[in-house]
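Chains, contacts and geometry: an overview
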Amino acid sequence: METKKVNITVAGKTIQAREGETIIHALWQSGLGHEIQTGCVGGVCGACTVTLRFADGRQGSTDLACLRPVEEGMEVFPFPVDALASPPPVSDPNEDQLRATFPTVDRCTKCDNCTIACPMGIPVMDSVLRMQKGQLEAVAEDFTTCIHCGLCRAVCEDKVLPHTMGIWVRRSLGMSVDHPVLDQASKAEMSDREELEWEHLLNCDDEERLKRAKNFRKEGTIVL
Ligand code: SF4
Ligand code: SF4
Ligand code: FES
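The rules we used
- Throughout, residues of each chain are indexed from 1 in the direction in which the sequence is written.
- A letter from A marks each chain and a number from 1 marks each ligand, given out in the order of writing.
- Local features in this predicted model are restricted to residues whose pLDDT is 70 or higher, and side-chain atom pairs enter the listing and the counts only when it is 80 or higher, whereas totals over whole chains, interfaces and linings include all residues.
- Residues are counted as near a molecule or strand when the C-beta atom, derived from backbone positions, lies within 6 Å of that molecule or strand.
- A run of DSSP states H or I qualifies as a helix once it reaches four residues; a run of E qualifies as a strand once it reaches two. Both are numbered from the N-terminal end.
- Charged means Asp, Glu, Lys or Arg here, nonpolar means Ala, Val, Leu, Ile, Met, Phe, Trp, Tyr, Cys or Pro, and polar covers whatever is left, Gly included.
- Using C-beta atoms placed from the backbone, we call a residue buried if 20 or more other C-beta atoms fall within 10 Å of its own, exposed if 12 or fewer do, and partly exposed for counts in between.
- Any pair of residues counts as being in contact when their C-beta atoms, constructed from backbone geometry, are within 7 Å of one another.
- By definition here, a helix of n residues has an expected span of 1.5 Å times n minus one.
- Here, a nonpolar core means buried Ala, Val, Leu, Ile, Met, Phe, Trp, Tyr and Cys residues linked by C-beta atoms lying within 7 Å of one another.
- Should DSSP find at least two bridges between two strands, the strands are taken to pair.
- Axis definition: a line fit to C-alpha positions, over the contact stretch in the case of helices; interaxial angles, taken between N-to-C directions, run 0 to 180 degrees.

Okay, the site of ligand 1 next. Taken together, 15 residues lie near ligand 1, and Cys 108, Cys 111, Cys 114, Met 125 and Cys 156 sit nearest. Within the residue set of the shell around ligand 1, elements represented by two or more residues are helix H3 (113–117) and helix H4 (124–133). A per-element tally of the shell around ligand 1 places H4 first, with 3 residues. Here the residues of the shell around ligand 1 sort into 10 nonpolar, 2 polar and 3 charged.

Right under this line is the structure:
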């Protein structure tokens, strides 16, 4: 049975897509993959965030092109949020280190735009207020489901950088936890293999790199 076709518009270009496929698959099929950034293609990284308008007058929304199925008359607008270098995490972070790394934290005017924009329902503004008070464990908890779409950053007129700070807190607390047994075991077992893998990654040709990546995906382990 032939799959039903629907028409969607992406950045002003109308294309035909197969009903049920995701926006990103429809773009790839049409040779327009470059219109939208992608990363994980699994709803985790937020690189493919788009804004949507619907033909039946439903309120528009933001969504992830790698997860959202196409529908007739859907209009898709790429949402370019430039990558921003993230300051390195620190061990045992505290309020002062957060402030020194991100002086933007005190610029928050409590407009709540970031919370409204967040597609994951994260209480972004409340979390920024927790950052100001140094409640970092709670902040890390808040950002557990962050998909890095950057919407909270894009809508913040005061350029507070909420999710960059939230992720910094998560990473900093994460690297402050000791796992002595695990650390020892993985260091002993992995160091030689990791070093060799780095050598391959830095030196081998594109074909070899692709072969190794495919193999890793299949086997789930580095083969030297
Ligand atoms: S959008 Fe910016 S200023 Fe507004 S609440 Fe969020 S962080 Fe604060
Ligand atoms: S916190 Fe910001 S970056 Fe994370 S999912 Fe929400 S809007 Fe996206
Ligand atoms: S590509 Fe990572 S969330 Fe869509």
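The complete set of buried residues in H4 reads Val 124, Met 125, Ser 127, Val 128, Arg 130 and Met 131. Looking at the packing, one finds that the buried side of H4 touches helix H2 (95–101), H3, helix H5 (136–142), helix H6 (151–155) and helix H7 (162–175). Looking one or two residues past H4, Gly 134 carries a phi angle of roughly 80°, positive in sign.

Because each turn of an α-helix spans 3.6 residues, side chains separated by three or four positions end up pointing in the same direction. Here H7 contains 14 residues, and its C-alpha end-to-end distance of 20 Å stays within 8% of the 20 Å for a straight helix at 1.5 Å per residue. Residues Pro 162, His 163, Thr 164, Met 165, Gly 166, Trp 168, Val 169, Arg 170 and Ser 172 constitute the buried set of H7. Next to the buried residues of H7 lie H2, H3, H4, H5 and H6.

This part covers the nonpolar core. Counting residues in each nonpolar core, the largest one holds 23 residues, and the members touching the most others are Val 124 and Val 169. Within the residue set of this core, elements represented by two or more residues are H4, H5, H6 and H7. Top element by residues in this core is H4. It accounts for 4 residues. Here Val 169 is in contact with Pro 93, Leu 98, Met 131, Leu 136, Val 139 and Ala 140, once residues within four sequence places are set aside. Membership of the second largest hydrophobic core comes to 20 residues, among which are Ala 17, Leu 27, Val 50 and Met 74.

To continue, consider the sheet that holds strand E4 (residues 61–64). Reading across from one edge, E2-E1-E5-E3-E4 is the order of the 5 strands in this open sheet, with mixed pairing throughout. With one partner strand each, in any of the chains shown, strand E2 (13–18) and E4 form the two edges of the open sheet. Across the sheet, the axes of successive neighbouring strands diverge by a mean angle of 35°, strand direction being ignored. Bridge count for strand E3 (residues 49–53) against E4 is 4 bridges, and the pairing is antiparallel. Each bridged residue has a counterpart across the sheet, and for Val 50 the counterpart in E4 is Asp 63.

The next subject is the site of ligand 2. The environment of ligand 2 is made up of 14 residues, and the closest members are Cys 118, Cys 146, Cys 149, Cys 152 and His 163. Looking at the shell around ligand 2 residue by residue, the classes come out as 10 nonpolar, 4 polar and no charged.

Mapped onto the elements, Val 105 comes out in the loop between H2 and H3. Val 105 sits 24 residues away from Leu 129 along the chain, and the two C-alpha atoms are 8.4 Å apart. Val 105 has contacts with Leu 98, Arg 99, Val 128, Met 131, Gln 132, Val 160 and Met 165, leaving out every residue within four places of it along the chain.

No statement about biological role is implied by the geometric values presented.
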